[in-house]
Amino acid sequence: MRIPAKGRRPDEILADLEARKAADLPWRDGRTWAYVYDPGAEAEDLIHRAYALYLGENGLDPTVFPSALALENDVVGMARDHLRGDERTVGSFTSGGTESLILAVKTARDWAREHRPGVRRPEVLLPETGHAAFHKAAHYLDVGIRTVPVDPRTFRADPAATRAAIGANTVLLVGSAVSYAHGVVDPIRELGEIALERGLLLHVDACMGGFLLPYFRRLGVAVPDFELHVPGVTSISMDLHKYAFAAKGASVLLHRDAALRRHQIYACADWSGYTVVNPTIQSTKSVGPVAAAWAVLHHFGDEGYLAIARSVLEATRRIRRGIGAIPGLRVLGDPEMNLVAFASDDVDVFHLVDAMRDRGWYVQPQLSRGPSPANVHLSVNPASVRHVDALLADLEDAVRGLRESPPADASAALRAALAGVDPGRRPGPGEVAGLLAAAGASGSSLPGHMAPIHQALDALPVGFREALLVEYANELFRPTGD
Ligand SMILES: *Cc1c(COP(=O)(O)O)cnc(C)c1O
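Not measured: the values here are computed from a predicted model.

Take the nonpolar core next. Counting 97 residues, the largest nonpolar core has Trp33, Phe216, Phe226, Leu240, Tyr305, Ile323 and Met337 as the members making the most contacts within it. Take this core: its biggest share by element is 16 residues, from helix α10 (residues 288-324). Ignoring any residue separated from it by four or fewer positions in sequence, one finds Tyr305 in contact with Phe211, Tyr215, Tyr243, Ala244, Phe245, Val296, Leu297 and Phe300. Counting 20 residues, the second largest nonpolar core, distinct from the first, contains Ile102, Val119, Leu172 and Val174.

Dropping the structure here:
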């Protein structure tokens, strides 16, 4: 596309933009069990207006936009209170879980440079269920990362294995509350003891669970302590754009104290322009996300969130019971929150995802990794609560259908193409295009049914999977022509 020669009318442009959503996931109907956190129409309207009110203010320089500073300090204060920080706790508002985790890793790296001069290349110890964003952080920051096996039955971090994996370069331990894949809380108290004993930092990735877990605990769920009051925890992250229902672009990273947070902040006076001091990765940034988060927290309030949590908890229990009652399906682990992963020993879960898609549901496939088999992930949203019975009925029907007439293995061609592949080798770009074509994908067009692609990815060694994904993305994002 080119910049049009002449400008167009706003109504026409907006209609054009609206029309472009036609093929998107229809997330407002409550039939989508991942990716979206739907707060309902009233909250959504408020969020839009609050965001728009601060869209043009620039968070780059809080000295000229004191409102940005005050809103951020309010939101961080609410997060500190929610996650049991104390008067020493400080934090920052970030654009999302990934930015919070990148900054947690940067803080640890730079802390180690000052306090652990013997460390040659700082290293993070990550349970194998830890979020991909830690790998991304290590990749971006040139920090080492070592994954530690988790308990193969509970999918929780294993303190003994963690202790055994600590090396001379280890600076940061990680625990999740909850892990995305299985929705379980790692043993943060035990990890905290190890961190204190060995003089390490400990980050709790509560991006997913930080907001909702305290409400679930108040409703009687046995949620283990994971918050900042646990001895040894030095930082914690919580996404507001998940179960606080803020507009996307909203997360908080809290540190034990300001001395630790100093390592997060970047300043530059070594150029000829304005003075730069950035606590977070972005520099020029809209204040919209902070204002929208502030607004939604005030909209629901503690009572509103507790009521949402009650309804989501009840729906999650029905889903777990329902899945447990479907022959051939089993829930993985014992999730504390509203994220449920289930596997099957007799039907192919990737075909099950497609079969559910045919019935109008979006459920998320998860590839096998470590002790976790290929499985299906469901996040239970307030907007989905009313669909629980219908979902379970379709799930049972889909499983029965797949069991009675198992689909042909459409990934056979791909598997054959991969038969001679050396697992230690990475594919080249030309080879990847051929493999994608064999799986039924070409360029940016994906087949309606994704099972062959997921099966093939699942069968590949991790490095090969990643190389394939990189090549795919490199194909997908191409400028539109004239
Ligand atoms: C969502 C999530 C993240 C990453 O957050 P983004 O907001 O998608 O960048 C990190 N950790 C966990 C446990 C998550 O669920």
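Past the structure itself, the notes keep going.
This paragraph deals with the pairing of strand β6 (residues 235-239). With five of five residues buried, β6 is to be regarded as a mostly interior element. Covered by surrounding structure in β6 are Ser235, Ser237 and Asp239 together with Ile236 and Met238, the residues of both alternating faces. Pairing analysis gives three bridges linking strand β5 (residues 201-205) to β6, with the strands arranged parallel. Within β6, the residue paired with Val204 across the bridge is Ile236. For the handedness criterion, the β-α-β arrangement of β5, helix α8 (residues 213-218) and β6 is classed as right-handed. Two elements, β6 and strand β7 (residues 251-255), share five bridges in a ladder whose sense is antiparallel. Each bridged residue has a counterpart across the sheet, and for Met238 the counterpart in β7 is Val252.

The strands that make up a sheet are held in pairs by hydrogen bonds between backbone atoms, and each pair lies either parallel or antiparallel. With respect to topology, four strands assemble into an open sheet ordered β10-β11-β13-β12, the strand pairing being antiparallel. Of all strands in the sheet, those bounded by a partner on one side alone are β10 (329-331) and β12 (364-366). Averaged over all pairs of adjacent strands, the angle between their axes in this sheet comes to 35°, without regard to strand direction. In this sheet, strand β13 (residues 375-379) lies alongside strand β11 (residues 339-344) in antiparallel orientation, the contact comprising four bridges. The partner of Phe342 across the bridge, within β13, is Val376.

Turning next to the packing of helix α3 (residues 66-82) against α10. Interhelical geometry of α3 versus α10 gives an angle of 45° and a closest axis separation of 9 Å. Our classification of the angle between α3 and α10 gives oblique. Classified by chirality, the crossing of α10 by α3 is left-handed. On α10, the residues that touch Leu71, Glu72, Asp74, Val75 and Met78 of α3 are Val290, Ala291, Trp294, Leu297 and His298. Residues that form the contact of α3 with α10 fall into these classes: seven nonpolar, one polar and two charged.

Here is what the cut-offs are and how they apply
Residues numbered from 1 in each chain as written. Predicted model: local features only at pLDDT ≥ 70, side-chain atom pairs only at ≥ 80, totals over all residues. Heavy atoms only, no water. Core = buried A, V, L, I, M, F, W, Y, C linked by side-chain atoms within 4.5 Å. Buried < 20%, exposed > 50% of the residue type's maximum accessible area, 1.4 Å probe, protein only. Helix = DSSP H or I, 4+ residues; strand = E, 2+ residues; numbered from the N terminus. Contact = heavy atoms within 4.5 Å. Pairing = 2+ DSSP bridges. Right-handed = clockwise from strand over helix to strand, strands pointing away. Axes fitted to C-alpha atoms, helices over the stretch in contact; angles between N-to-C directions. Parallel < 35°, antiparallel > 145°, perpendicular 65-115°, else oblique. Left-handed = near helix turned anticlockwise from the far one by under 90°. Nonpolar A, V, L, I, M, F, W, Y, C, P; charged D, E, K, R; others polar.

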